[in-house]
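Residues per chain, in single letters:
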Amino acid sequence: MLSIFRNIRGFMMNSWLSKAPEQIKLLVVVVILVISAFLIIRPLLIPDDFGELGHFRTGALNDAVAIEFKYAGRASCVECHDDMTEMLAAGYHKKLSCEVCHGPLAGHIEDSDENEPSFPRERTLCPVCHEYLSSRPTGFPQIVSQSHNSLKSCVTCHEPHDPAPPEVPSECSACHGEISRSKAVSHHMDVECEFCHTTPELHKISPRQYRPDKPQNREFCGQCHTKNASNDTDAPLINLATHETRYDCWQCHYPHLPEAR
Amino acid sequence: MIMEEIVQHLTPLLDEVTGYIFPNEIELHWGLLVVIYPYLTGLVAGAFILASLVKVFNVKELQPTYRLSLLTALAFIIIAPLPLLAHLGHPEKSFEIFLTPNVNSAMAMFGFVYAWYLMAVLLLELWFDFRKDLILMANESRGIKKWFYKTLSLFSKDISDKAVAFDHKAVRVITIIGIPSAFLLHGYVGFLFGSIKANPWWSSVLIPIVFLFSAIVSGVALVILLYMIITPLRNKIVDMICLDKLASYLFYIMIVDFSLEILDFIHRVYESEESIKILASLVQNRLFSSLVIMQVLIGMIIPLFTIAGVKTFKVPADLRKLLYFISAILVQVGIFSTRWNVVIGGQLFSKSFMGLTTYKMTFFGLEGLLVSIALLIMPFIILWMLIKILKPWRAEDAAVAAHSASQ
């Protein structure tokens, strides 16, 4: 140790440093000490397996593997609850995993008595997906939870494993919330949905299989909007023969909110 | 249980969501602590740039604030990384970024920018500037205090005129290196945001430059406030020539800063990229009070017109002081809002460009308001300790005492 100090001292005495101001000499010593300390300590602090596979500790992979599983996966649930999972697989919630609602269940698989799944009855869980949001796709069942049977738990009326509505919805707005809300503030507010869309009754039960139709030609809108149309509304009137003949009406006018541009 | 907690936590936020946002955007991941980080680093860079005006550009009028600026920069840079460490968790691992540098990580490289600025610029400049005082204080003290000052002076002894002249020269050289370093420090913070190309609110080449100038604005305003508070506490009179000069610099830099912000705004509007509609909605709804009212009106236009008014009309000294003081406070509010609007604002809109979410601040907890207030107070406590230890006005006080004794 002493010899190191002697060497440093000797170096400082014999080199240009001996003529340098005192401040520089002191700072050189400090810098040398800091850098040496860093170089000595650094290898001690870097784990041996660092950098073997990349910019990380190889052992970190084992650490990640050792993390306790919290979720068991739907396949584990099927083993005991096949009745429920069969019902789930046939219904609208067929793509949902059991643990979306019942919470992580790895512990339940290990010891079903000790670790009960959660059975959420609060009205907060279902609206995460089913609260009305203008950007959710039309046809996706959406409610305004504050006005939708606000004192009842969702599961009172809806079986979550087969969540078909308890009764066939009488209003189109039950599923087509965005359209009905847009239409409600538009000039078409009094036009019934069925006026433009012929809707098979089965659409209410199997909406994707039996679809309502849509007006296919300009003449349909012309029933109310041509100059010779016989209606008593203040609907804007056009001449179908001259008004933008290359386009269908819906290409420029959104029928559910025709004043939108 | 976990599911229920998540639902309980997210449900109130869901009420605030408008339009369509992706599920992982409902809750903001960068909260108040990440707002404080650029705010504090900005103050550091700004205070240092002010100090450099004295040494590099020979602005003699600002001499009374030179040491105060340097110590302010030091006090704030010591605390500047703490909000990040608190936000990331595991502060005990932070030194690892120095052991195994990851050159691909902009954030990891910030550690080196920070270390360079702290060790090679600030501490070195302070050491050269205070070296003679430290030796004298060591000579005047006894016991542990003597050894404390001796250690701080690195056991230096030479206080000859030649050695002191060398100190002055060294300070000047370090300051010249320090200016680009200070620019690098805060420009880098801006770069961290500006280089996130997935976020149109942040991704702009102007962001580092806007950050830098807003940093200088906030640093100058902070030194004005500190100078006006500390001087009366020392039973001294505020040097109006110095204060006027500080206010002038604040005024000019604010004009540059404001012009850059307007340039950024015009650039975005003229480019009108696909994000422009959601950004317009963001500014008109979620950020209206914090951006239009706080940042632009209260933090920029009112102080600018106030200082312009003071410069145009003959205003008595006392009123001038009051107006400068109020302006400096408003500037602080404005720059804090700037940081808020960048960090929080950038997370309030969806990457789908179709919806907005909201930020819910907590009071307790590591990410809460209480910790943030504590982090904002800590630099002032450190500054107070530094002033107590280093006695920056020692020579000045001694000269005044000697002068009054001779009378």
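Computed from a prediction, not measured in an experiment: that's the story for all the values here.

K.L.:
What is the right way to look at the overall build of chain A in this model?
P.N.:
A tally of helices and strands in chain A yields twelve helices and zero strands. The helix and strand sequence of chain A, counted from the amino end, reads α-α-α-α-α-α-α-α-α-α-α-α. At 36 Å, chain A has a C-alpha radius of gyration far larger than the 18 Å of a compact globule built from 261 residues. Judged by the C-alpha coordinates and their principal axes, chain A covers about 110 × 65 × 35 Å.

K.L.:
Would you explain the overall build of chain B in this entry?
P.N.:
Per the secondary structure count, chain B includes 15 helices and two strands. By the compact-globule yardstick of 22 Å for 407 residues, chain B fits well, its C-alpha radius of gyration being 23 Å. Reported as C-alpha extents along the three principal axes, the dimensions of chain B are approximately 75 × 55 × 35 Å. Across the 407 residues that make up chain B, the buried fraction comes to 38%. In chain B, once contacts between residues fewer than 6 apart in sequence are set aside, the share between residues at least 24 apart is 80%.

K.L.:
Looking at this structure, how should I read unusual backbone geometry?
P.N.:
Peptide bonds are, in most cases, trans, and in most cases residues other than glycine have a negative phi. Positive phi outside glycine occurs at Asn149(A), with the angle close to 45°. Within the secondary structure, Asn149(A) is located in the loop between helix H8 (127–130) and helix H9 (154–157). Given 12 C-beta atoms within 10 Å, Asn149(A) falls into the exposed group. Unusually for a residue other than glycine, His90(B) sits at a positive phi of about 50°.

K.L.:
Whenever I open this one, the interface of chain A and chain B confuses me. Can you help?
P.N.:
When the parts of a complex come together, some accessible area is lost, and that lost area is often taken as the interface size. Between chain A and chain B, the contact holds 21 residues from the first and 24 residues from the second. Here the side of chain A that touches chain B is composed, by residue class, of eleven nonpolar, seven polar and three charged.

K.L.:
When you look at the nonpolar core in this model, what are you seeing that I'm missing?
P.N.:
Across soluble globular proteins, you tend to see nonpolar side chains buried next to one another. Residue and element names in this part refer to chain B. In this structure, Val44, Val220 and Leu250 are the most contacted members of the largest nonpolar core, which totals 102 residues. No other element matches the 18 residues that helix H2 (residues 32–55) contributes to this core. If we ignore the near neighbours within four places in the chain, the residues touching Leu250 are Val217, Val220, Ala221, Ile224 and Ile307.

K.L.:
It is not clear to me how the domain arrangement of chain A should be interpreted in this structure. Could you clarify?
P.N.:
All names here are of chain A. Each assigned domain of chain A is listed here: domain 1 (69–119) and domain 2 (121–188). With nine residues of domain 1 at the contact, the number on the domain 2 side is seven residues. Among the elements that line the side of domain 1 that touches domain 2, the one with the most residues is helix H5 (residues 82–90), at four residues.

K.L.:
Where do I start with helix H14 (residues 369–390) of chain B in this structure?
P.N.:
The α-helix winds at 3.6 residues per turn, so residues separated by three or four positions along the chain end up facing the same way. All names here are of chain B. Relative to the 32 Å expected for 22 residues at 1.5 Å per residue, H14 spans 32 Å between its end C-alpha atoms, a close match to the ideal helical length. Along H14, the largest kink reaches about 25° and is centred on Ile377; proline Pro379 follows within four residues of it. Positioned one or two residues after H14, Lys391 has a phi angle of 45°, which is positive.

K.L.:
Which parts of the structure should I look at to understand the packing of helix H3 (residues 63–79) of chain B against helix H9 (residues 207–233) of chain B?
P.N.:
Any two packed helices are characterised by how steeply their axes cross, that is the angle between the axes, and by the distance between the axes. Residue and element names in this part refer to chain B. In the contact formed by H3 and H9, the axes pass within 10 Å of each other and the chain directions differ by 115°. Read as a crossing pair, H3 and H9 show a hand that is right-handed. Seen from H3, the contacting residues are Thr65, Leu68, Ser69 and Thr72; seen from H9, they are Leu222, Val223, Leu226, Tyr227 and Ile230.

K.L.:
Explain the environment of Leu237(A) here, please?
P.N.:
Within the secondary structure, Leu237(A) is located in the segment after helix H12 (218–225). Assessed through the 15 C-beta atoms surrounding it within 10 Å, Leu237(A) is described here as partly exposed.

K.L.:
Quick question: what am I supposed to make of the packing of helix H8 (residues 161–194) of chain B against H9(B) here?
P.N.:
Residues and elements named next belong to chain B. For the pair H8 and H9, interaxial distance at closest approach is 7 Å and the crossing angle is 135°. Relative to H9, the element H8 is oriented oblique. Two packed elements cross with a definite hand, and for H8 against H9 that hand is right-handed. Taking contact as the criterion, the partners of Phe183, His186, Gly187, Val189, Gly190, Phe191, Phe193 and Gly194 in H8 are, on H9, Ile207, Pro208, Val210, Phe211, Leu212 and Ala215. The class makeup of the residues in the contact of H8 with H9 is ten nonpolar, four polar and no charged.

K.L.:
What should I look at first to understand the environment of Ser134(A) in this one?
P.N.:
Along the chain, the position of Ser134(A) falls in the loop between H8 and H9. A residue is classified by how many C-beta atoms lie within 10 Å of it, and Ser134(A), with 14 of them, is partly exposed. Considering only alpha carbons, one finds Ser134(A) and Val185(A), 51 residues apart in sequence, at a separation of 14 Å. Every residue in contact with Ser134(A), bar those within four places of it in the chain, is listed here: Glu178(A) and Gly19(B).

K.L.:
I tried to follow the environment of Ala106(B) on my own but got confused; where do I start?
P.N.:
As for its position among the elements, Ala106(B) is in helix H6 (residues 106–140). Once residues within four sequence positions are removed from consideration, Ala106(B) is found in contact with Phe191(B), Leu192(B) and Ser195(B).

K.L.:
I would appreciate a short explanation of the confidence of the model for chain B in the present structure.
P.N.:
Low pLDDT means the predicted coordinates in that region are not meant to be read closely. Scored by pLDDT, chain B has a mean of 92; 99% of the residues are at 70 or more. Interface confidence for the predicted complex, given as ipTM, is 0.82, next to a pTM of 0.77.

K.L.:
How do you make sense of helix H12 (residues 288–312) of chain B when you look at a structure like this?
P.N.:
All names here are of chain B. Across its 25 residues, H12 extends only 31 Å between first and last C-alpha, which sits more than 12% below the 36 Å expected from 1.5 Å per residue. Along H12, the sharpest change in direction is near 40° and occurs at Leu297. Those residues of H12 hidden inside the fold are in contact with helix H10 (240–271), helix H11 (276–284) and helix H13 (317–343).

Basis of the calculations
Residues numbered from 1 in each chain as written. Chains lettered and ligands numbered in written order. Predicted model: local features only at pLDDT ≥ 70, side-chain atom pairs only at ≥ 80, totals over all residues. Helix = DSSP H or I, 4+ residues; strand = E, 2+ residues; numbered from the N terminus. Rg over C-alpha atoms; globule rule 2.2 N^0.38 Å. Buried ≥ 20, exposed ≤ 12 C-beta atoms within 10 Å, placed from the backbone. Contact = placed C-beta atoms within 7 Å. Nonpolar A, V, L, I, M, F, W, Y, C, P; charged D, E, K, R; others polar. Core = buried A, V, L, I, M, F, W, Y, C linked by C-beta atoms within 7 Å. Domains from an automatic or database assignment. Expected span 1.5 Å × (residues − 1). Bend = angle between axes of the 7 residues up to and from the residue. Axes fitted to C-alpha atoms, helices over the stretch in contact; angles between N-to-C directions. Left-handed = near helix turned anticlockwise from the far one by under 90°. Parallel < 35°, antiparallel > 145°, perpendicular 65-115°, else oblique. pLDDT = per-residue confidence, 0-100.

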